[in-house]
Amino acid sequence: MVKVAVVGASGGIGQPLSLLLKLNPLVSDLALYDVRLAQGVAKDLSHISTNAVCRGYDKDQIGEALRGAHVVLIPAGVPRKPGMTRDDLFKINAGIVKGIVTAIGQYCPDARILIISNPVNSTVPIAVETLKAMGKFYPGNVMGVTTLDVVRAETFLADYLIAQKKNSISKQYDKTKMCKDVTVIGGHSGNTIIPVIKKKPLISTLASAYDEFVHRVQFGGDEVVKAKDGAGSATLSMALAGYRFAEQVLKSIHRENTAPIPTYVYLPGIANGVKAQAKLSTSLEYFSLPANLLDGRVTSVDDTILDSLSPQEKKLVERAVKELETNIDKGKKFVNGNS
Ligand code: NAD
Ligand code: LMR
C-alpha cells in the first residue's frame, strides 16, 4: 500500500502527472493537493477504472493530503515566461517550496520528496535546510527531479545520430533502442546541465553537431518556453519525466530492482557522496549523479561516472560547479538567513 501525494496537482504538470500515477498499479492512494481546483481534478481522475483511490484536498487541507504519504511529488509554483531564467522564479517559488516542505516535515516526515519546482538547483537546498531546521532531514529522502534533461538528451542524441546516418539508417528505426547511450549529471539549469555520452566514440561521430547537441540539452527548456509564448514551460514532457522518476521510486519501495537514475541530491551522508565531491574538486553539497535507490530512497551515487568524462565533458563540469555554488548558497541563505 503506497500513498502518493502530488502538491500542485492542478497545474500544467500536476494534472498529466497525476493521470500517469493513477494508472500505476503500485499506487494505492493518490492524494491531490493544490491551492485551487484539486477536488475537480481528483473527481475527474477518480472515474478511471484503476485501483488507486484518488482524493482531492482544498487549500486548507494540506495536512490531510500529506498525512501518511510515502511519496510526495512537488510540481507547485510558477513557471517561466519568455525572457526569464529559472532563477527569476526563486522570488515566488522559494517561499512556496519552503511552506510545502514544512508541512511535509510536520505530517509525513519519512516521505520520499521529489522536487520538480524551479529553480531546482536552489529549491532542493531549501527543502533540505527546512527539514534540517525541523530536525526531520533524512539524507536520501529529498530528490531533485532532473529526469527531463535525461529524456531530452536521449531524444536529441538519437535525432543527431539519425541525421548523421540518414543514408544508412532504415526509416523504420526505433528511437527507444537508440537512446540508452547518454545520461545527464550536474544541475537543472542552462550551463549546469551536463550531458554525458556513455559510448565516447559517439562524440566523434557527432563531430560538429556535438556542441549543438550539448546546447539543446542545456537550453531545451527555453525552446519550450519560447514556443509556448507566455503560456508556461514544459508540462507534458515533464509529466512523463516526473513519472519515469516516480516509477523507479515506487518500484524500489516494492523491492524491485531499479537501475541507477540521475537525481540532484545532498551528497554528504550518501554513500560515495564525499568521494564524488573530491572528484569534483569542490565542497559542493548538491549535484545530480546516477543514484541507487533502496526502499525509494537514495542510498548511494555513482561517482565513477566522473572518472569516465571526456575532456569536453570535464570542461562542462568545471563551468557547472561555479554556477551551482551560487544557486545552492542562495537556497541555503533563504532558509537560514542573510537573504
Ligand atoms: P502551473 O502554473 O501550470 O502549475 C503550478 C500549480 O502549482 C498551480 O496549479 C498552482 O495553483 C499550484 N500552486 C501554487 N502554489 C501552491 C502551493 N503553495 N501549494 C500547492 N500548490 C500550489 O506550472 P507548471 O507548468 O505545472 O510548473 C510548475 C513548476 O515546475 C514550475 O516551477 C516550473 O518551472 C517547474 N518545472 C520543472 C521542471 C523540471 O525539470 N524540474 C520541468 C518543468 C517545469
Ligand atoms: C524545463 O527544463 O523545461 C523546466 O525546467 C522548465 C523551464 O523553465 O525551462
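Source: prediction; values computed, not measured.

Criteria and cut-off values
- Residues numbered from 1 in each chain as written.
- Chains lettered and ligands numbered in written order.
- Predicted model: local features only at pLDDT ≥ 70, side-chain atom pairs only at ≥ 80, totals over all residues.
- Helix = DSSP H or I, 4+ residues; strand = E, 2+ residues; numbered from the N terminus.
- Rg over C-alpha atoms; globule rule 2.2 N^0.38 Å.
- Buried ≥ 20, exposed ≤ 12 C-beta atoms within 10 Å, placed from the backbone.
- Contact = placed C-beta atoms within 7 Å.
- Core = buried A, V, L, I, M, F, W, Y, C linked by C-beta atoms within 7 Å.
- Domains from an automatic or database assignment.
- Near = placed C-beta within 6 Å.
- Nonpolar A, V, L, I, M, F, W, Y, C, P; charged D, E, K, R; others polar.
- Expected span 1.5 Å × (residues − 1).

## Points about the overall build of the chain
And then number 1: Tallying secondary structure elements over the chain gives 13 helices and eleven strands in all.
And then number 2: Against the globule reference of 20 Å for 339 residues, the chain gives a C-alpha radius of gyration of 19 Å, in line with a compact fold.
And then number 3: In terms of principal-axis extent, the alpha carbons of the chain reach across some 55 × 50 × 40 Å.
And then number 4: Looking at the 339 residues of the chain, the share that counts as buried comes to 49%.
And then number 5: In the chain, of all internal contacts separated by at least 6 residues, the share reaching a separation of at least 24 is 73%.

## Digging into the nonpolar core
And then number 1: Counting 101 residues, the largest nonpolar core has Leu32, Tyr33, Val72, Ile74, Ile113, Leu114 and Ile115 as the members making the most contacts within it.
And then number 2: Split by domain, the residues of this core number at least three in each of domain 1 (3-145) and domain 2 (147-336).
And then number 3: Setting aside residues no more than four positions away along its own chain, isoleucine 113 makes contact with Val72, Ile74, Val101, Ile104, Ala127, Asn141, Val142 and Met143.

## Some words on the site of ligand 1
And then number 1: Inspection of the region around ligand 1 gives 34 residues, with Gly8, Gly11, Gly12, Ile13 and Asn118 positioned closest.
And then number 2: Classifying every residue of the shell around ligand 1 by side-chain character gives 17 nonpolar, 14 polar and three charged.
And then number 3: Two domains each put at least three residues into the shell around ligand 1: domain 1 (3-145) and domain 2 (147-336).

## Quick notes on the site of ligand 2
And then number 1: In the vicinity of ligand 2, the contacting residues are Pro79, Arg80, Arg86, Asn118, Leu148, Gly221, Val224, Val225, Ser233 and Ala234.
And then number 2: Its residues assigned to classes, the shell around ligand 2 shows five nonpolar, three polar and two charged.
And then number 3: No fewer than three residues from each of domain 1 (3-145) and domain 2 (147-336) sit in the shell around ligand 2.

## Let's talk about the domain arrangement of the chain
And then number 1: Domain annotation of the chain identifies domain 1 (3-145) and domain 2 (147-336).
And then number 2: Taking only C-alpha atoms into account, the centre of domain 1 sits 22 Å from that of domain 2.
And then number 3: Taken together, the 43 residues of domain 1 in the interface contact 45 residues of domain 2.
And then number 4: Mapped by element, the contributors of at least two residues to the side of domain 1 that touches domain 2 are helix 1 (14-22), strand 4 (71-74), helix 4 (90-107), strand 5 (112-115), helix 5 (120-134) and strand 6 (142-144).

## Re helix 13 (residues 311-336)
And then number 1: Relative to the 38 Å expected for 26 residues at 1.5 Å per residue, helix 13 spans 37 Å between its end C-alpha atoms, a close match to the ideal helical length.
And then number 2: If you check which residues of helix 13 are buried, you get Leu316, Val317, Ala320, Leu324, Asn327, Ile328, Gly331, Lys332 and Phe334.
And then number 3: Note on helix 13: the residue one or two positions beyond its end, glycine 337, has a positive phi of about 105 degrees.

## Considerations on helix 11 (residues 236-253)
And then number 1: Taking 1.5 Å of rise per residue, the 18 residues of helix 11 would be expected to cover 26 Å, and the 25 Å separating its terminal C-alpha atoms lies within 8% of that figure.
And then number 2: Buried within helix 11 we find Met238, Ala239, Ala241, Gly242, Tyr243, Phe245, Ala246, Gln248, Val249, Leu250 and Ser252.
And then number 3: Looking at the packing, one finds that the buried side of helix 11 touches helix 1, strand 4, strand 5, helix 6 (147-164), strand 9 (261-266) and strand 10 (286-294).
And then number 4: Backbone geometry just downstream of helix 11 places arginine 255 in the positive-phi region, at approximately 65 degrees.

## Considerations on unusual backbone geometry
And then number 1: Here the amide bond leading from asparagine 118 into proline 119 is cis, since omega sits at -5 degrees, within 30 degrees of zero.
And then number 2: Assignment of secondary structure puts proline 119 in the loop between strand 5 and helix 5.
And then number 3: Phi at aspartate 229 is positive, roughly 55 degrees, even though this residue is not glycine.
And then number 4: Summarising the element assignment, aspartate 229 is placed in the loop between helix 10 (220-228) and helix 11.
And then number 5: C-beta crowding within 10 Å serves as the criterion here: with 9 such atoms nearby, aspartate 229 is assigned to the exposed category.

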